[in-house]
Structure formats: C-alpha cells, structure tokens
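# Inside the fold
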Amino acid sequence: MRALEVIGVEKSFGGNKVLKGISFGVEEGETVGIVGPNGSGKTTLLNVIGGVIRQDRGRVLAFGKDISSRRPSERARLGIGRTFQITRLFSNLTALENVMIALHYGSSLPATKEKALEILEEVGLSHKAKDRASSLSLAQRKRLELARALALQPRVLLLDEVFAGLNPVSIKEIVDLLKRLREERRITLILAEHVLKALFQLTERVLVLSEGRLIFDGRPEDMAQNEEVIKAYLGERYVGKGS
Ligand SMILES: Nc1ncnc2c1ncn2[C@@H]1O[C@H](COP(=O)(O)OP(=O)(O)O)[C@@H](O)[C@H]1O
Ligand SMILES: [Mg+2]
C-alpha cells in the first residue's frame, strides 16, 4: 500500500507561489529524500503533508485516506510524524518530560515514565533523561526531537534537515539510528535534506525541488547526471566529486 500520495499540491504565501503542482507517491517502508536549494519549498511541502499549513490546491493521501483537511493532531493519530528544522523542544523541561508530553499528546493510554525511558533508550539518550533539553548538545536535541516524534508511533516520519549543523561523527550516528529505527519499527522515512552524503546512505530515491517544482524523481547516481538538477542545485562544484 502507498504510505503517502501527494497530488497536485499548490501553495502560495501572498503572491509568492512556493509549491507549483507537486505530485508523487511513497510506498510503505520506502525512504525518500527531498533536496533542493534553500527556499525551493522543502519545508513547506513537509508542512503541507504534516498539516501545519493547508495547501491551496491538491490533495494528500495517507494509507489511502484523504487527509487534506485533517488537523495535524489527527494526522499524527493516523501515523504521520515529524521533526522540525528548528527543534521544538520544551527547553526548560527535562528530556524525559519532553517525551512524556509527546506520549500524552499522542495516545489515550497513560504516559508512563517507563515508556518514555524506553523511547529515550531507543534513541540513545537515556543517560540524559533528567537533563534539561536546553543543556543538551545539538546532536542530543535532534535525538530528543526524534524521540518525541517516535512517542506518537509514526508509520511515516517526516524529517526536516535532521543532519544540519552536525559533525561527521554525529551524522553517522544519526544515520545508523535511522537505519535501525526503520528496520525495527518499519517506518517510512521522508527526509528534506542538504547533507547528501548522509542521505544517500539511507535512500535510493531522491526528489529534487526547484522553485516549487519537482524537477527530478529518481536514483542518486542519475540525479548527479541530470542537466536540470546540476543547473538548479548541484552546480559546478559538485560535478565529478561524487560526494
Ligand atoms: N509561513 C510563510 N509565510 C510566508 N512565506 C513563507 C512561509 N514559509 C515559507 N515561505 C516562503 O516559501 C519559500 C519556500 O520556503 P521553504 O519551504 O522554507 O524552503 P526550503 O525548506 O526548501 O528552504 C521561501 O521563499 C520562503 O520565504
Ligand atoms: Mg527548509
């Protein structure tokens, strides 16, 4: 079954047309990267899928269900989870409390400390359970953001620049973590991403956005050969480097 179907999505902010008719499908269990220059519409597209903003035209289907007019909380219950480009943690609360709030939001079952600890353990953060979110490193905050998303038991996880600002060691750790999560939880992953090297370790399929249009949908190696992609995104510096 298709986890996600985006059909002819358009979105403008004022007179600024940010998404100009985006269509693609994602199979259950698939991992898909969304790349493109800054301002090309990646975050807006994730916001439309997650329901944070409403598209002007087009539809979004999740597991065959039209979710176009559902609120973010309803979409979360239907299995659409996400992390934010700028992490949205409660900085004065501990890591544990942050996960407990997410658990409370996402389920009718009581949000237990044990369950929250289990999720922190899963993302490698249980040793920081009692630390305030504000005292965590960027890499740890990203893990906590992931833990909060996992608390809602997503079937599809939207990740907005999860590798941005991380050093190579942290990037590799998060790549490994995502691989493990995807295997253990069978989550469909959609990553808006600039760190191509990390992205290509996770997926065989990349969508390229340029000025609100989908200009490419295919394999990383074909993407690097695509004239339009090179012109719009990769540029001269990329050609031949293979990174
Ligand atoms: N809430 C908003 N209000 C007005 N303009 C917005 C808003 N969100 C995004 N934009 C504009 O939409 C365009 C695409 O932004 P964005 O989706 O954040 O791109 P990306 O994530 O690819 O960098 C940019 O021109 C940005 O300024
Ligand atoms: Mg963005």
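It should be emphasised that the depicted structure is a prediction, and the values quoted were computed from it without experimental measurement. (Residues numbered from 1 in each chain as written. Chains lettered and ligands numbered in written order. Predicted model: local features only at pLDDT ≥ 70, side-chain atom pairs only at ≥ 80, totals over all residues. Heavy atoms only, no water.)

## A short note on the packing of helix α5 (residues 138–151) against helix α6 (residues 168–185)
Relative orientation of the contacting elements α5 and α6 amounts to 15 degrees, with a least axis distance of 11 Å. As far as their axial angle goes, α6 and α5 are roughly parallel. Between α5 and α6 lies a crossing whose hand is right-handed. Of the residues in α6, those touching α5 at A139, R143, L146 and L150 are S170, E173, I174, L177, L178, L181 and R185. In terms of residue class, the contact of α5 with α6 is built from seven nonpolar, one polar and three charged. (Axes fitted to C-alpha atoms, helices over the stretch in contact; angles between N-to-C directions. Helix = DSSP H or I, 4+ residues; strand = E, 2+ residues; numbered from the N terminus. Parallel < 35°, antiparallel > 145°, perpendicular 65-115°, else oblique. Left-handed = near helix turned anticlockwise from the far one by under 90°. Contact = heavy atoms within 4.5 Å. Nonpolar A, V, L, I, M, F, W, Y, C, P; charged D, E, K, R; others polar.)

## Considerations on the environment of R185
Residue placement: R185 occurs in helix α6. Considering only alpha carbons, one finds R185 and R155, 30 residues apart in sequence, at a separation of 8.1 Å. Apart from the residues within four sequence positions on either side, R185 is in contact with I119, E122, L150 and Q153. Here E122 takes part through its side chain, which lies 2.7 Å from a polar atom of the side chain of R185. (Polar contact = N/O pair within 3.5 Å; in protein donor to acceptor, adjacent residues only side chain to side chain.)

## Thoughts on the domain arrangement of the chain
Considered domain by domain, the chain is made up of domain 1 (1–79 + 155–243) and domain 2 (86–153). Taken residue by residue, the interface counts 22 residues in domain 1 and 13 residues in domain 2. Between domain 1 and domain 2 we count two salt bridges in total. Counting across the interface, domain 1 meets domain 2 through six residue pairs in polar contact (both at pLDDT 80 or more). Put simply, the parts of the chain that give the side of domain 1 that touches domain 2 at least two residues each are α2 (72–77), β7 (156–160) and α6. Here the side of domain 1 that touches domain 2 takes nine residues from α6, the largest share from any one element. The residue makeup of the side of domain 1 that touches domain 2, split by class, is 13 nonpolar, three polar and six charged. (Domains from an automatic or database assignment. Salt bridge = Lys/Arg side-chain N within 4 Å of Asp/Glu carboxyl O.)

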